[in-house]
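Listed here are the chains, written in short residue letters.
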Amino acid sequence: MYYKAATSGKIFNERRLSVLDDVFGHGTFKSLVEEGTLVPIEKLSVIDLLKNDQMYEAAHLYREIHKGSTIKESLDMVKRIQSDMKRRMTK
């Protein structure tokens, strides 16, 4: 599951956010979701992450979607997607 920070717009996966409980105490993550500081994202795409300048998170998501792809293959494909996005924006 992925979450978007309401204030910054940054997108995080649940694994990365689990550290909040380690740092600030058990239940912190859940509290932030309940108060709306972190908003669950139902359908996330690689493009959503690239629009948010999160290249490495996009590569990680690509790899989750395309099981069996290597880290290098995933990063290369995300770079191609990003290049296509930039090309389309300049037209």
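Reference entry: report on the structure contained in this document. (Residues numbered from 1 in each chain as written. Predicted model: local features only at pLDDT ≥ 70, side-chain atom pairs only at ≥ 80, totals over all residues. Heavy atoms only, no water.)

Observations concerning the pairing of strand β1 (residues 2-5)
Next, step 1: Bridging between β1 and strand β2 (residues 11-13) involves three bridges; their strand directions are antiparallel. Bridge pairing in β2 places Y2 opposite N13.
Next, step 2: Counted along the chain from β1 to the antiparallel partner β2, the turn is five residues long, and its residue G9 has a positive phi close to 80 degrees.
Next, step 3: Inspection of the sheet shows β1 paired to strand β3 (residues 38-41) by four bridges, in the antiparallel sense. Counterpart to Y3 in the pairing with β3 is P40. (Pairing = 2+ DSSP bridges. Helix = DSSP H or I, 4+ residues; strand = E, 2+ residues; numbered from the N terminus.)

Digging into the nonpolar core
One recurring pattern in soluble globular proteins is that nonpolar side chains are buried together.
Next, step 1: Membership of the largest hydrophobic core comes to 15 residues, with the highest contact counts inside it found for L44, V46, L50 and V78.
Next, step 2: Counting residues per element, the ones that place at least two in this core are α4 (46-51), α5 (55-65) and α6 (71-89). (Core = buried A, V, L, I, M, F, W, Y, C linked by side-chain atoms within 4.5 Å. Buried < 20%, exposed > 50% of the residue type's maximum accessible area, 1.4 Å probe, protein only.)

Digging into the sheet that holds β1
Through backbone hydrogen bonds, the strands of a sheet pair up, either in parallel or in antiparallel fashion.
Next, step 1: Spatially, β2-β1-β3 is the arrangement adopted by the three strands of the open sheet, whose pairing is antiparallel. The open sheet terminates on both sides in strands that have one partner only, identified here as β2 and β3. Taking the axes of each pair of neighbouring strands and ignoring which way they run, one obtains an average angle of 35 degrees across the sheet. (Axes fitted to C-alpha atoms, helices over the stretch in contact; angles between N-to-C directions.)

Describing a nonpolar patch on the surface
Next, step 1: Among the surface-exposed residues, V19, V23 and F24 lie close enough to one another that they form a single nonpolar patch of about 310 Å² accessible area.
Next, step 2: Locating V23 in the fold gives a position in helix α2 (residues 19-24).
Next, step 3: Residue class for V23 comes out exposed when judged on its relative accessible area of 56%. (Patch = residues over 30% accessible without salt bridge, like charges linked within 9 Å, V, L, I, M, F, W, Y side chains within 5 Å. Areas by Shrake-Rupley, 256 points an atom, 1.4 Å probe, with all protein chains shown as cover. Salt bridge = Lys/Arg side-chain N within 4 Å of Asp/Glu carboxyl O.)

A word on α5
Next, step 1: Inspection of α5 places M55, A58, A59, L61 and Y62 among the buried residues, and these make up the whole buried set. In an axial view of α5, the angular spread of the buried residues amounts to 165 degrees, which keeps them on one side of the axis.
Next, step 2: Elements that come into contact with the buried residues of α5 comprise β1, α4 and α6. (Arc of directions from axis to C-beta. Contact = heavy atoms within 4.5 Å.)

Considerations on the environment of M55
Next, step 1: If you trace the backbone, M55 turns up in helix α5.
Next, step 2: Overall, M55 belongs to the buried group, its relative accessible area being 16%.
Next, step 3: Sequence separation between M55 and F24 is 31 residues; the distance between their C-alpha atoms is 28 Å.
Next, step 4: Look past the residues within four positions of M55 in its chain and what remains in contact with it is L50, L75, V78, K79 and Q82.

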